[in-house]
Amino acid sequence: MLGELREKARARLDPVHWDYFEGGAGAETALAENLRAFARLALLPRVLRGAGPPDLAVRLPGAPAAGPVFVAPTAFHTLAHPEGERATARAAAAADAVMVTSMAATTAVADVAAAAREVRADAAVWFQMYLQPRAGVTEALVRRAEQAGCTALVVTADSPVFGRHSRDDRNDFHRLPPGHVTQNMLGLPGAPPGRPLDIAMSPELSWADLRRLRAATGLPVWVKGVLHPADARLAADEGAAGVIVSNHGGRQLDAVPAAVEALPAVAEAVGGRIPVLLDGGVRSGADVVAALALGAAAVGVGRPVLWGLAASGEAGVAQVLAELTGQARHVLTLCGARDCRDLTPDQVVPRGPEGMRRWR
Ligand SMILES: Cc1cc2nc3c(=O)[nH]c(=O)nc-3n(C[C@H](O)[C@H](O)[C@H](O)COP(=O)(O)O)c2cc1C
Ligand SMILES: CC(C)CC(=O)C(=O)O
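Basis of the calculations
- Residues numbered from 1 in each chain as written.
- Chains lettered and ligands numbered in written order.
- Predicted model: local features only at pLDDT ≥ 70, side-chain atom pairs only at ≥ 80, totals over all residues.
- Heavy atoms only, no water.
- Core = buried A, V, L, I, M, F, W, Y, C linked by side-chain atoms within 4.5 Å.
- Buried < 20%, exposed > 50% of the residue type's maximum accessible area, 1.4 Å probe, protein only.
- Helix = DSSP H or I, 4+ residues; strand = E, 2+ residues; numbered from the N terminus.
- Contact = heavy atoms within 4.5 Å.
- Near = heavy atom within 4 Å.
- Polar contact = N/O pair within 3.5 Å; in protein donor to acceptor, adjacent residues only side chain to side chain.
- Areas by Shrake-Rupley, 256 points an atom, 1.4 Å probe, with all protein chains shown as cover.
- Pairing = 2+ DSSP bridges.
- Right-handed = clockwise from strand over helix to strand, strands pointing away.
- Nonpolar A, V, L, I, M, F, W, Y, C, P; charged D, E, K, R; others polar.
- Axes fitted to C-alpha atoms, helices over the stretch in contact; angles between N-to-C directions.
- Parallel < 35°, antiparallel > 145°, perpendicular 65-115°, else oblique.
- Left-handed = near helix turned anticlockwise from the far one by under 90°.

1. Description of the nonpolar core
Of all hydrophobic cores here, the largest spans 119 residues; its most connected members are Trp126, Phe127, Leu153, Trp222, Val243 and Leu278. A total of 13 residues in this core trace back to one element, the largest contributor, which is helix 12 (residues 303-334). Discounting residues that sit within four places of it in the chain, leucine 278 has contacts with Phe38, Phe70, Ile244, Val245, Ala259, Val260, Leu263, Ala291, Ala296, Ala298, Val299 and Gly300.

Right under this line is the structure:
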């Protein structure tokens, strides 16, 4: 089903925009590995545990009762569908999925949050941001997110520079076509009148900037793009609400491991002090359950949401979230789990003859 939506999206989209959504950095090794790494994993169910139908609700800072699948932040949804992020937000709210809206969204955060709340008064919308070096910009964005009613901030830390997306270079796709605007970037300090401020990436950022952000807001602050266990430990020390293990869908450093391969060491380093989320390559309920068993509290999906949106707007995103959540429920039941936390890392083994080695 996801495959069908993907093909429908490909057929509908301008090939240049398809390449932007679908592509990765460099040779697209990390992008491919995100999928291959899940394919290399098998699940070991437990039996006769009297578990009953699983309870899928997860409890996170900024989302007290959401499903285990969230919408990872992706830019430029109006390129996929005229209703853009509003359609995504409505589908996410209806599915109890946290929507992380991007600072590079083509709909203002206030409008994204309002669309979600039309569907559910307590819908969780989080705001993703790249900390901005220009004075006052980050603060202004934080105020907008707070005023919009966002319940958490997500700081993307894996982007000290823009990733080099080979397909975008080939297509010379480096700015939005007329009619599409990064609405969050309008009217900020330094923005040209009537035009959005360019998003800046800065290699100068440090934990001190995260500290400043935390001092400037009462919202929980997640750190996205953590792969090294030592950084996960630092994030916990620094008071982050949680970390998101992610290689940015293979769009930043191409030499990194698959997200799910980085997850176990991060979960171990954090030792339950803060929740760990994961995104990158999640395409099935079995992928969701494998990540939960390896220590994720919930998992994000990026491209599948864009496929749904491009294929059929809000209904397409709803289909993607329903499919993944429905599969996850089925797989949890087959694994004998009561809920999303009732799984252990020993229930995930490598596929192939080596998989069961530890029990021999
Ligand atoms: C088209 C596209 C745009 C993205 N834009 C952002 C963004 O604005 N901010 C961000 O933190 N991550 C961004 N990401 C990364 C996603 O949040 C997420 O890490 C990734 O898509 C997960 O992998 P998946 O697409 O395999 O599910 C983007 C990813 C894609 C595919
Ligand atoms: C506007 C970009 C910075 C969005 C992004 O993070 C990406 O395309 O991966």
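2. A closer look at the site of ligand 2
Near ligand 2 you find Tyr20, Ala75, Phe76, Ala104, Tyr130, Phe162, His165, Met201, His248 and Arg251, and these make up its full shell. Contact distances for ligand 2 include 2.7 Å between an oxygen atom and a side-chain N or O atom of tyrosine 20. Contact between ligand 2 and arginine 251: an oxygen atom at 2.8 Å from a side-chain N or O atom of the residue. Across the complex, the protein chains shield 85% of the 290 Å² of accessible surface that ligand 2 would expose by itself.

3. Focus on unusual backbone geometry
Across the chain, the bulk of peptide bonds are trans and the bulk of non-glycine residues have phi less than zero. Phi is positive for leucine 48, close to 55 degrees, though the residue is something other than glycine. In this fold, leucine 48 is placed in the loop between strand 1 (41-43) and strand 2 (58-60). The class for leucine 48 is exposed, based on a relative accessible area of 87%. Positive phi, close to 50 degrees, is recorded for aspartate 172, a residue that is not glycine.

4. Regarding the environment of alanine 32
Turning to its location among the elements, alanine 32 is positioned in helix 3 (residues 29-39). Through-space distance from the C-alpha of alanine 32 to that of arginine 351 is 18 Å; in sequence the pair is 319 residues apart.

5. Quick look at the pairing of strand 5 (residues 99-102)
Residue alternation in strand 5 divides its side chains into two sets, Met99 and Thr101 and Val100 and Ser102, and both sets are buried. Sheet analysis places strand 5 next to strand 6 (residues 125-129), joined by four bridges and oriented parallel. From the neighbouring strand, serine 102 faces strand 6, where its bridge partner is glutamine 128. Tracing the backbone out of strand 5, into helix 5 (residues 109-119) and back to the parallel element strand 6 gives a crossover that is right-handed.

6. Quick look at the site of ligand 1
Taken together, 23 residues form the shell around ligand 1, and within it Pro73, Ser102, Thr156, Asp279 and Arg283 come nearest. In this structure, an oxygen atom belonging to ligand 1 sits 2.7 Å away from a main-chain N or O atom of proline 73. At 2.8 Å, a backbone N or O of glycine 302 approaches an oxygen atom of ligand 1. For ligand 1, whose unbound accessible area comes to 610 Å², protein coverage reaches 98%. Those elements that place two or more of their residues in the shell around ligand 1 are helix 2 (15-22) and helix 12. Class assignment for the residues of the shell around ligand 1 results in eight nonpolar, ten polar and five charged.

7. Concerning the pairing of strand 6
Taken across its five residues, strand 6 has five buried, putting it largely inside the fold. Both strand 6 and strand 7 (residues 152-156) contribute to a ladder of four bridges, which runs parallel. What sits directly across from tryptophan 126, in strand 7, is alanine 152. What joins strand 6 to strand 7 is helix 6 (residues 137-148), and the crossover it makes is right-handed.

8. Details of the packing of helix 5 against helix 6
As a packed pair, helix 5 and helix 6 sit with axes 9 Å apart at the nearest point and diverge in direction by 20 degrees. The pairing of helix 5 with helix 6 is recorded here as roughly parallel in orientation. Judged by the sense of rotation from one axis to the other, the crossing of helix 5 with helix 6 is right-handed. Contacts from Val109, Ala110, Ala113 and Arg117 of helix 5 reach helix 6 at Arg144, Ala145 and Ala148. A per-class count over the contact of helix 5 with helix 6 returns five nonpolar, no polar and two charged.

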